[in-house]
Amino acid sequence: MSNTMRPTTLLLFLGFLCFTGTAHAQLQMRGLEVGPWLGGAFYLGDLNTEFRFNRPKPAGGIGARYNFNHRLAARASLNYGRLVAYDKDSGNTFEQRRNLNFVSDVFDFTGQFEFNFLPYYHGSPKYFFTPYAFVGFSAFHFNPQGVTPDGQTIKLQRLGTEGQAVGDEYHRVSVALAYGVGVRWDLTYELSMDASLSLRNTATDYLDDVSTTYPDPEQLRRLRPNSPAVRMSDRSLPGPDGDQIDRTGTQRGDDTNNDHYLFLGIGINYYFGDVLCPKVFKGKKVRVKKVKERRN
């Protein structure tokens with residue numbers, strides 16, 4: 001099978017699963033559930049290239065899920081998370097010498113479609129648990145700040161730390177592909193819980209204010225007079241001889257990969273819908289009328 005056919009075959013297979021799931025129980029469970037979640041937020045990008053999870057920060061939100069049936073659901077959520085990274089945590093010598101850091105509060109709106117791998121019915125003693133997967137899109141706002149040695153935080157986007165002209169700074173609103181996995185289980189008919197790992201592949205490489213190269217400090221000083229732009233742009237540690245290295249035009253970040261963040265959380269939901277039973281005639285067989293042939 002060719003590489004081009006594999007994604008098509010997979011999509012057709014998933015579409016078949018979704019269709020059969022919908023057709024099988026489109027009237028069995030349908031309704032809205034709403035609830036909050038709490039957990040942690042993590043960042044992956046130019047200031048965390050080693051997939052470190054050593055600085056978890058609080059995250060939370062509220063979501064509303066509409067169950068179309070026992071397999072398919074759609075969910076919309078408003079989420080918050082704080083993202084943090086420090087070069088000093090890295091095992092990479094270049095990153096340690098670069099000595100950058102950032103902290104940012106992210107406000108996220110996400111819409112996603114969910115697929116339950118097992119049949120799931122609220123209040124069922126048998127089908128009360130399922131793992132699930134989801135995919136969707138997010139729009140989010142971020143505002144990276146640098147942390148000085150004395151603990152002061154300085155907003156970075158407006159400083160143009162990579163030499164952006166005034167008015168050409170990166171946008172603080174972006175979008176992301178959202179996807180992940182989770183598990184759902186019932187507590188009572190109305191109450192259920194879920195735990196999920198939700199990832200965001202963002203469309204920006206400036207979640208951490210780091211992407212390309214170091215600017216010319218003199219030019220940056222002319223562009224941003226009376227500001228800490230130069231100081232916050234290059235926070236690198238002195239070289240072995242104690243002198244500051246001229247880093248103009250050298251690598252500051254990697255603009256070939258955009259930044260990522262993820263939420264790990266657990267939530268509780270209240271179900272407002274019903275579980276509808278299909279119309280069946282229990283214990284009754286379909287009667288077939290037999291017509292006796294007339295004998296001549």
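Residues numbered from 1 in each chain as written. Predicted model: local features only at pLDDT ≥ 70, side-chain atom pairs only at ≥ 80, totals over all residues. Heavy atoms only, no water.

## Some details on the packing of aromatic side chains
Given two aromatic rings, their pairing is described by the distance between the two centres and the angle made by the two planes. Under the definition given, this model contains 15 aromatic pairs. Taking the centre distance of 5.3 Å and the plane angle of 45° together, the rings of Tyr 80 and Phe 107 count as tilted. Linking Tyr 80 in strand β3 (residues 72-86) with Phe 107 in strand β4 (residues 101-116), this pair joins segments that are 27 residues apart in sequence. Among the residues examined, Tyr 80 registers a relative accessible area of 26% and is labelled partly exposed. Residue Phe 107 is classed as partly exposed on the basis of its relative accessible area of 48%. Pairing Tyr 261 with Phe 263 gives two aromatic rings, centres 5.5 Å apart and planes at 65°, and the pair type is edge-to-face. The pair Tyr 261 / Phe 263 is uniform in exposure class, with both members buried. These aromatic residues form a ring-pair network of at least three members: Trp 37, Phe 140, Phe 142, Tyr 170, Tyr 206, Tyr 261 and Phe 263. The ring centre of Tyr 132 lies 5.8 Å from the NZ or CZ of Arg 65, which sits over that ring. Positioned above the aromatic ring of Tyr 214 is the side chain of Arg 252, whose terminal nitrogen or guanidinium carbon lies 5.8 Å from the ring centre. (Phe/Tyr/Trp six-rings, centres within 6.5 Å; stacked < 30°, edge-to-face > 60°. Helix = DSSP H or I, 4+ residues; strand = E, 2+ residues; numbered from the N terminus. Buried < 20%, exposed > 50% of the residue type's maximum accessible area, 1.4 Å probe, protein only. Lys NZ or Arg CZ within 6 Å of the ring centre and 35° of its normal.)

## Notes on empty space enclosed by the protein
Taken as a whole, this structure holds two cavities of 30 Å³ or more when the rule is applied. Here the largest cavity defines a volume of roughly 190 Å³. As for the largest cavity, its lining consists of 19 residues, and the residues nearest its centre are Trp 37, Arg 75, Asn 79, Ser 196 and Ser 198. Mapped onto the lining of the largest cavity, the elements with two or more residues apiece are β3, β4, β5 (129-141), β9 (191-202) and β10 (260-271). At five residues, the largest contribution of residues to the lining of the largest cavity is made by β10. When grouped by side-chain class, the residues that make up the lining of the largest cavity number six nonpolar, eight polar and five charged. Put simply, the second largest cavity is a space of about 100 Å³. Every residue lining the second largest cavity is counted, 13 residues in all, and those nearest its centre are Asn 48, Arg 52, Asn 54, Arg 55 and Val 84. For the lining of the second largest cavity, the secondary structure elements donating two or more residues are β1 (29-44) and β3. In terms of residues, the lining of the second largest cavity owes the most to one element, β3, which gives four residues. Tallied by class, the residues present in the lining of the second largest cavity amount to eight nonpolar, two polar and three charged. (1 Å grid on protein atoms, 1.4 Å probe; cavity = no way out; pocket = protein on both sides within 12 Å on 5 of 7 lines; lining within 4 Å. Points joined across faces, edges and corners; volume = space filled by probe spheres on them. Nonpolar A, V, L, I, M, F, W, Y, C, P; charged D, E, K, R; others polar.)

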